[in-house]
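These are the residues of each chain, in order.
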Amino acid sequence: MEILLMVLVLLILIGISNVVNHFLPVVPVPIIQIALGVVAAFLPGLHHIPLNPELFLLLFIAPLLFNDGKMTPRDELWQLRSSILLLALGLVFATVLIAGPFIHWMIPAIPLSAAFALAAILSPTDAVAVSSLSGRAKLPGKIMHLLEGEALMNDASGLVAFNFAIAATVTGHFSLPKAIGSFLVIAIGGVIAGVVLGFLIIGMRMQLRRMGMEDVTLHMLIIILTPFVIYWVAEEMHVSGILAVVAAGVTHAIERDRMRSGSARLRVVSDSTWSVILFCLNGLVFILLGLEIPGVILEVWKDPAYNNGQVIGYILLITAVLILLRFVWVWAANRHFKSALLTALSGVRGALTLSAAFSIPLTLADNSPFPERSLILFICSGVILLTLVIASVLLPILTREAKADPEELAETERSARIRVLEAGLCAVREEMNDDNRREGLELIRAYNHRLQMARFHNKDESGKAWKQALDIRIGALQAERKTAERWLQEGRISPKLADRFQSSLSRIEMLLTTSRKFKKLLVLGWGGLQRAIRRARHKEAAFDPSHPKWKLYKALKLEAVRAAIAQVKSMETDQNREMIRSILADYRGMELQLLDDKVPAETGRETDARRRELELKAIQAERNEIQNMFEQGEISRTIANNLRMDVNYHEGHLYEAESVHDEDAGD
């Protein structure tokens, strides 16, 4: 029960970290998660689980690296193969040979072999931490692909060097030829094992499909189990499980490309499922790192044998040596100062380093304590935190671009808007079936119209266009409000219906106003609770177009929409004509929907529900595409917010319609 409660607490902390990052975007998510893990370590009653390095690699690193291997572009990796090998192999061993003696010279209490081991586990960069940089700093594509390729491969070389250094420390014996031979067997064997096992699993899935077993759930289960099985089998064969899952991920990427046209449903389910899995695993990696850090730090901090200031100095100097060595290595290869600096600062260490450090044995072969094990753990923790902070602070500053050309910004936003609409259109097409075909075709026509408007939209300044669109939409909402107020003063509607009408407009306005996100969440959450209560109290919760109250609401809404149309037209200028047309198209669509209620009540209820379901799925697909473009560095945060504003606007009208339905049912 304690383990279950701890898992629930950790998952809640992952959600909290993303909420905090939503309101404090300047603070990277990994740092927030590490901080939450540190806080959780001091919570009373929280069961602490010692970090098992082998289990950690299997449960967390294997699926994450499998996905990275599957998603990393293969063509770019192949083009950068020489640079990646220089970093993943050459730099790792250079770090061991140079930083190891430096650590031993600076801290004589750490034997040379143990210093080599410390340098070895500090040499690999962390793939999870590296991927977290893309949302913070817009690194050049070549550097980002180089970092991704390096992080996929240097874990194996670092861990092999670490294991041999630990064995030399424990036993007192070391053989360089044996170490080189073992490394080649472990590395090459891991790649071969991953490719072979990957193709075997792909072949098994294809055979199941030939037998008529197209069940998405079964295939999804096989895909989820793939990285765990491959890593476990490779380790049992005494080859690199890390390289095996990376090779299997690349193999599955090839299979994914070949089967793209014939497995759209599986691809959608796979992407959705993996997004949840990766979201949780990424968060758990950093939260578990935060959970372990206090125990490591306090053990050294409270020990009178260590000078705390001196230990912090060790961390600063070792981090500086690692960054300097990385900079010199990259600069010597390409003679480009800024690229070398960005690559050096991007060498973030992560949870893999700390998990390897925890695998250091407690005693040597003669049962004496392993020399300075606590200090080594402390240094690893400090270097991890320091490299993450340095990268998070300096990289956004160094990669900050000069003010872009307004026309270029406008073109970027226009292209992104087209991609978002295409994602929504694709979602509608994939979700269409015999039951919702009529509603789906209506939505497809609406999306095609919006796409046509977006493709021929005149170029404009991105920020200015967003503010103009917001002002126009707010002005239209104010025109609707004035209509309701006038009807109330004339006694044509009741105060309750007027209040409900105004509330529905307020929801749309809050969805449009990005600076009031927290209030929006509260309002929508309370509105959802109220709707649930009303549905529980009233059996007749369905919306009936033949109800007299609907006719009254319809008349009010029609006049309000026409007032909004008049207001929008009055704001038209030569500069915003295309924008005005797009907003008018939205209102014309609402007007037509209000006029088209010539269907039986039961059919109308079913049609509304089916259309709303399709629209919500399309809206979610649009949001996913926006987030994906932002995380990949293809659009800025400002453009992402502009696109989200449009999505929120359309979603707001769904909430408005639902609110009216519930009002009709509740009275």
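Residues numbered from 1 in each chain as written. Predicted model: local features only at pLDDT ≥ 70, side-chain atom pairs only at ≥ 80, totals over all residues. Heavy atoms only, no water.

Time to look at the packing of aromatic side chains. Counted under the stated rule, the structure contains three aromatic pairs. For the pair F66 and W274, a centre-to-centre distance of 6.1 Å together with 35° between the ring planes defines the contact as tilted. Residue F66 is found in helix α3 (residues 53–71), and its partner W274 is found in helix α12 (residues 264–301); the two are separated by 208 residues along the sequence. The two residues F66 and W274 agree in class, both being buried. Measuring from centroid to centroid gives 5.4 Å for F327 and F337, while their planes differ by 75°, and the two rings are edge-to-face. In this pair, F327 sits in helix α13 (residues 308–334) while F337 sits in helix α14 (residues 337–345), placing the two residues ten residues apart along the sequence. Accessibility expressed as a relative area gives 54% for F337, which makes it exposed. (Phe/Tyr/Trp six-rings, centres within 6.5 Å; stacked < 30°, edge-to-face > 60°. Helix = DSSP H or I, 4+ residues; strand = E, 2+ residues; numbered from the N terminus. Buried < 20%, exposed > 50% of the residue type's maximum accessible area, 1.4 Å probe, protein only.)

This paragraph deals with the environment of A244. By the secondary structure assignment, A244 is in helix α11 (residues 241–258). Between the C-alpha atoms of A244 and F66, which are 178 residues apart in sequence, the distance is 8.7 Å.

Before going further, it helps to examine the nonpolar core. With 111 residues, the main nonpolar core has L10, I110, L118, F162, I318, I379 and C380 as its most contacted residues. It is α12 that provides the largest number of residues to this core, a total of 13 residues. Setting aside residues no more than four positions away along its own chain, F162 makes contact with A117, A120, I121, A356, S359 and I360. Core analysis: the next-biggest nonpolar cluster, separate from the first, contains 30 residues, I472, L477, L505 and L584 among them. (Core = buried A, V, L, I, M, F, W, Y, C linked by side-chain atoms within 4.5 Å. Contact = heavy atoms within 4.5 Å.)

Moving on: the pattern of salt bridges. With the rule as written, the count across this model stands at nine salt bridges. Put simply, E480 and K557 hold a salt bridge, and the shortest N to O gap is 2.6 Å. With E480 in helix α19 (residues 462–489) and K557 in helix α22 (residues 548–570), this pair connects stretches of sequence that are 77 residues apart. Its relative accessible area of 0% is what places E480 among the buried residues. (Salt bridge = Lys/Arg side-chain N within 4 Å of Asp/Glu carboxyl O.)

Right, let's talk about helix α5 (residues 81–106) for a bit. Its 26 residues give α5 an end-to-end C-alpha distance of 35 Å, which sits within 8% of 38 Å, the value for a rise of 1.5 Å per residue. Taken as a whole, α5 carries its principal kink of about 30° at G90. For α5, the set of buried residues is I84, L87, A88, L91, V92, A94, T95, V96, A99, G100, I103 and M106. Looking at the buried positions of α5, the neighbouring elements they touch are α4 (74–79), α6 (112–122), α8 (141–171), α13 and α14. (Expected span 1.5 Å × (residues − 1). Bend = angle between axes of the 7 residues up to and from the residue.)

Turning our eyes to something else, we now look at the environment of A563. As for its position among the elements, A563 is in helix α22. Taking the relative accessible area as the measure of exposure, A563 reaches 24% and is therefore partly exposed. Residues A563 and R481, spaced 82 residues apart in sequence, show a C-alpha to C-alpha distance of 9.6 Å. Excluding its chain neighbours within four sequence positions, the residues that come into contact with A563 are A479 and T483.

At their nearest, the axes of α5 and α6 sit 8 Å apart, and the two run at 125° to each other. Of the possible angle classes, the one that applies to α5 and α6 is oblique. Crossing angle aside, the handedness with which α5 passes α6 is right-handed. Between α5 and α6, the contacting residues are T95, V96, L97, A99, G100, P101, I103 and H104 on the first element and L112, A115, F116, L118, A119 and A120 on the second. In terms of residue class, the contact of α5 with α6 is made up of eleven nonpolar, three polar and no charged. (Axes fitted to C-alpha atoms, helices over the stretch in contact; angles between N-to-C directions. Parallel < 35°, antiparallel > 145°, perpendicular 65-115°, else oblique. Left-handed = near helix turned anticlockwise from the far one by under 90°. Nonpolar A, V, L, I, M, F, W, Y, C, P; charged D, E, K, R; others polar.)

Close contact between α6 and α8 brings their axes to 8 Å; oriented N to C, the two are set at 165°. When the axes of α6 and α8 are compared, the pair comes out roughly antiparallel. The interaxial crossing formed by α6 with α8 has left-handed handedness. In this structure, α6 contributes S113, A114, F116, A117, A120 and I121 to the contact, and α8 contributes G158, A161, F162, A165, I166, A168 and T169. Here the contact of α6 with α8 is built from residues that sort into ten nonpolar, three polar and no charged.

This paragraph deals with unusual backbone geometry. Even without a glycine there, the phi angle at N367 is positive, about 70°. Within the secondary structure, N367 is located in the loop between α15 (351–358) and α16 (373–398). Accessibility expressed as a relative area gives 64% for N367, which makes it exposed. A positive phi is found at E372, a non-glycine position, where the angle reads about 55°. Turning to its location among the elements, E372 is positioned in the loop between α15 and α16.

So, on to the confidence of the model for the protein chain. Mean pLDDT for the protein chain: 77, with 79% of residues reaching 70 or above. When pLDDT is averaged over each element of the protein chain, α13 comes out on top at 92 and helix α21 (residues 517–537) at the bottom at 40. Confidence over residues 514–544 falls short of pLDDT 50; this stretch has 42 contacts with residues more than four positions distant or in other chains. pLDDT under 50 marks residues 660–667. Its contacts with residues more than four places away, or in other chains, come to 24 contacts. (pLDDT = per-residue confidence, 0-100.)

Within the secondary structure, K70 is located in helix α3. Beyond its immediate stretch of four places on either side in the chain, K70 contacts G249, V250, H252, A253 and W274.

All right, on to a nonpolar patch on the surface then. Taken together, the side chains of F174, L176, I180, L184, I188, I192, V196 and L200 present a nonpolar region at the surface, about 790 Å² in accessible area. By the element assignment, I192 lies in helix α9 (residues 176–210). (Patch = residues over 30% accessible without salt bridge, like charges linked within 9 Å, V, L, I, M, F, W, Y side chains within 5 Å. Areas by Shrake-Rupley, 256 points an atom, 1.4 Å probe, with all protein chains shown as cover.)

With eight of eleven residues buried, α6 is to be regarded as a mostly interior element. Where α6 is concerned, the buried positions are A114, A115, A117, L118, A119, A120, I121 and L122. For α6, the elements touching its buried residues are α5, α8, α13, α15 and α16.

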